[in-house]
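# Analysis of the macromolecular model
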Amino acid sequence: MSQHRVAIVWLRRALRLADNPALAHALEAADAVVVAAPARESRGGAASRAWRARSLAALDASLREYGTRLVVVADDSAATLAALVAECGAALVCFDRAYEPGTAAADARTWLELGAGGIEARGFDCTLLNEPAGPLASGGGPFKVFTPYYNACLRLGAPDAPLPAPQRIPAPDVTPPGEPLPEGTQHPIGGWWTPGEAGALAAARHFAAGALADYPVDRDRPDLIGTSRLSPHLAFGEISPRQVVALLADAADAAGAGDSAAEPATDPAAGAAAGAADSDDGTRPDAASAFIRQLYWREFAYHTLHHFPETPERPLRTAFERMGWAEDPAGFAAWCEGRTGYPIVDAGMRELAATGWMHNRVRMIVASFLTKDLLLPWQDGARHFREHLADADLANNTFGWQWVAGSGADAAPYFRVFNPTLQGQKHDPRGAYVRAWVPELAGLPDAWIHRPWEASAGVLAQAGVTLGETYPAPIVDHPWARQRALAAYGAIRGGRG
């Protein structure tokens, strides 16, 4: 029997079947559904392209279990979509909304063009808990500080329950051939990830059942598996924030129903840091709430980008337009290649190059080193991250870099300068993270792993380290660089913005 009303589900960032409002609406409104996705979209470099290729392959495999398949097209341009609409004879296009400034504007033009041709176009928020336009501050404008924004979001109530995966996806009589699935590159995405919806759900469940218990304590420890590592899955919409919230709520309920005297297993390497996040009464903060707060930090990044679309290239605080950034191509190259002479910085940059990911605490450390120790523009660092991160995301990448540089929302104190040595000693106390990514320092004792330039000649010789040969000496003196940064920041302190 031939179908009469065909809908296209046009997915750019919501590469999943469960909790997909665009897909759910199409299934209700049409007799047959074509699920389509562009092979390429404006995101980042080799790591994100490799991830997308694998995610599209996983989505296609899931659709084939329903007796249909993914229609892959070249790109997300209006012309490509219009050609697909004509080929399918579609009367409806359901799409996942994109929020990058250029993409959102292009989408608006596309939907107007479709409407003029008699094609209904419906957009759905598939990747956030709230639309980035709101909530708004009491004066009617956007928030610039996170905590009031977070509290306003909480007043909106709990997120809706996630939608289940569909029971059936009726295909049209003839499914357009589309293009072949993009070939996966040889980028060595970290082995702990499985791109795709099933991999995302498995990762979220693994986190909820394990590392979540100690998340408030361990999340700043790059030497431990203390974070969810869900950022690439969220960036590609393989799991929705609503699904994550629901999983954490289930985990919290399960924990509450268990033996209240049982202590969650902790890595003995947590050591003295274990009590750092405890509250005054000796209890730990609620782990699920601590993680959900981070999901709202992600939402705040989108809120900021929506209201300040110039921020990917220009500082939110306009006083920073006058910032006296340095010119240091050699320093920038050393930072990019992980040879600054500061082990925690070099470990982070090498992890990024090798896996397409970097621990969040280390992202802050390396960003501070670039913008404060080297006094180089945050835009250069943001572009490097976008090119190399598997979880490349314009809103979060921009927000994070501006926050560390002091030029963005909630960046107080904006003149904060991280000491890379102390940060390493605090968050990688036994040097396990550094040894993993800077193996030439592996033989150094814990006491010197984060400051090899202070070790004696005998200690260095015994570890097989020759500064300037097997491992670089520091490219900048941190105390001097800190004073230079404070002077530069002080010069703009009186400005508005």
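Since the model is a prediction, treat every value here as computed from it, not as a measurement. Position numbers for residues count from 1 along each chain, tracking the sequence in the order it is written. Per-residue local features of the predicted model are confined to residues with pLDDT of at least 70, and side-chain atom pairs are confined, for both listing and counting, to 80 or more; whole-chain, interface and lining totals are unaffected and use all residues. Each side-chain value is derived from all of the structure's non-hydrogen atoms; neither hydrogens nor water enter the calculation.

Further remarks concern the sheet that holds strand S1 (residues 6–10). Spatially, S3-S2-S1-S4-S5 is the arrangement adopted by the 5 strands of the open sheet, whose pairing is parallel. Each of the sheet's edge strands pairs with one partner strand only, and the pair in question is strand S3 (71–73) and strand S5 (120–124). The average undirected angle you get between the axes of adjacent strands in this sheet is 25°. Strands were regarded as paired on the criterion that DSSP finds at least two bridges between them. Per the convention used, a helix needs a DSSP run of H or I reaching at least four residues, while a strand needs a run of E reaching at least two, with both numbered from the N terminus. Where strand S2 (residues 32–38) lies against S3, 3 bridges are found, and the strand directions are parallel. Bridge pairing links Pro38 to Val73 in S3. In this description, contact between two residues means that some pair of their heavy atoms is separated by no more than 4.5 Å. Only the stretch in contact is used when fitting a helix axis, every axis being a line fitted to C-alpha atoms; angles between N-to-C directions are given from 0 to 180 degrees. Its contacts with the sheet put helix H4 (residues 101–116) on S1, strand S4 (92–96) and S5, and the angle it makes with S4 is roughly 170°.

Our focus in this paragraph is helix H5 (residues 146–155). Every buried residue belonging to H5 is among Phe146, Tyr149, Tyr150, Ala152 and Cys153, and all of these are buried. The arc enclosing the buried residues of H5, seen along the axis, measures out at 160°, which places them on a common side. Just downstream of H5, Gly157 is the residue with a positive phi angle, here 100°. Only protein chains enter the calculation, and the probe is 1.4 Å; a residue is then buried if its accessible area is under 20% of its type maximum, exposed if over 50%, and partly exposed in between. An arc is given here, and it is the one of the directions from the helix axis to the C-beta atoms.

When two helices pack together, their arrangement is given by the angle between their axes and by how far apart the axes lie. At a minimum axis distance of 9 Å, the contact between helix H12 (residues 343–355) and helix H13 (residues 360–373) shows a crossing angle of 115°. Considering the angle they form, H12 stands roughly perpendicular to H13. In the crossing of H12 with H13, the sense of the turn from one axis to the other is left-handed. Facing Ile344, Val345, Gly348 and Met349 of H12, the residues of H13 in contact are Val362, Ile365, Val366 and Phe369. When the residues that make up the contact of H12 with H13 are grouped by side-chain class, the tally is 7 nonpolar, 1 polar and no charged. If an angle is under 35 degrees, it is roughly parallel; if it is over 145, roughly antiparallel; if it lies from 65 to 115, roughly perpendicular; otherwise it is oblique. Crossings are sorted by hand: turned counterclockwise from the far helix by less than a right angle, the near helix makes the crossing left-handed, and turned clockwise it makes it right-handed. Polar here means any residue outside two lists: the nonpolar Ala, Val, Leu, Ile, Met, Phe, Trp, Tyr, Cys and Pro, and the charged Asp, Glu, Lys and Arg; Gly therefore counts as polar.

What follows covers the side chain of Glu351. Examined against the element boundaries, Glu351 turns out to sit in helix H12. There is no salt bridge for the buried Glu351, and the closest opposite charge comes from Arg229, which lies 5.4 Å off by N-O distance. Sequence-distant contacts of Glu351, defined by excluding residues within four places in its chain, comprise Gly356, Trp357, Met358, His359, Tyr433 and Trp437. We count Lys and Arg on the positive side and Asp and Glu on the negative side, and we leave His and both chain ends out. Only one rule defines a salt bridge in this text: a Lys or Arg side-chain nitrogen within 4 Å of an Asp or Glu carboxyl oxygen.

Attention now moves to the layout of surface pockets. Points on a 1 Å grid over protein atoms alone make up a cavity when a 1.4 Å probe fits among them but cannot get out, and a pocket when they form an open set with protein on both sides within 12 Å along at least five of seven lines; lining residues each have an atom within 4 Å of a point. Grid points are joined across faces, edges and corners, and a volume is the space filled by probe spheres set on the points. If you add up the space inside the largest pocket, you get close to 1200 Å³. At the level of secondary structure, the elements contributing two or more residues to the lining of the largest pocket comprise helix H8 (231–235), helix H10 (287–307), H13 and helix H15 (394–405). Looking at the lining of the largest pocket, its residues break down into 20 nonpolar, 9 polar and 9 charged.

Turning our attention to the pattern of salt bridges. Inspection of every chain in the model, using the stated rule, returns 17 salt bridges. Notably, a salt bridge pairs Glu100 with Arg13, separated by 2.7 Å at the nearest N-O pair. Of this pair, Glu100 sits in the loop between S4 and H4 while Arg13 is found in the loop between S1 and helix H1 (21–29), placing the two residues 87 residues apart along the sequence. Here Glu100 matches Arg13 in class, with each residue buried.

Omega for the peptide link from Gly134 to Pro135 comes to -5°, which places this bond in the cis form. Among the structural elements, Pro135 can be located in the loop between S5 and H5. With a phi close to 55°, Arg229 is a non-glycine residue in the positive phi region. Of note, Arg229 is situated in the loop between helix H7 (215–218) and H8. On the accessibility criterion, Arg229 (12% relative accessible area) is buried.

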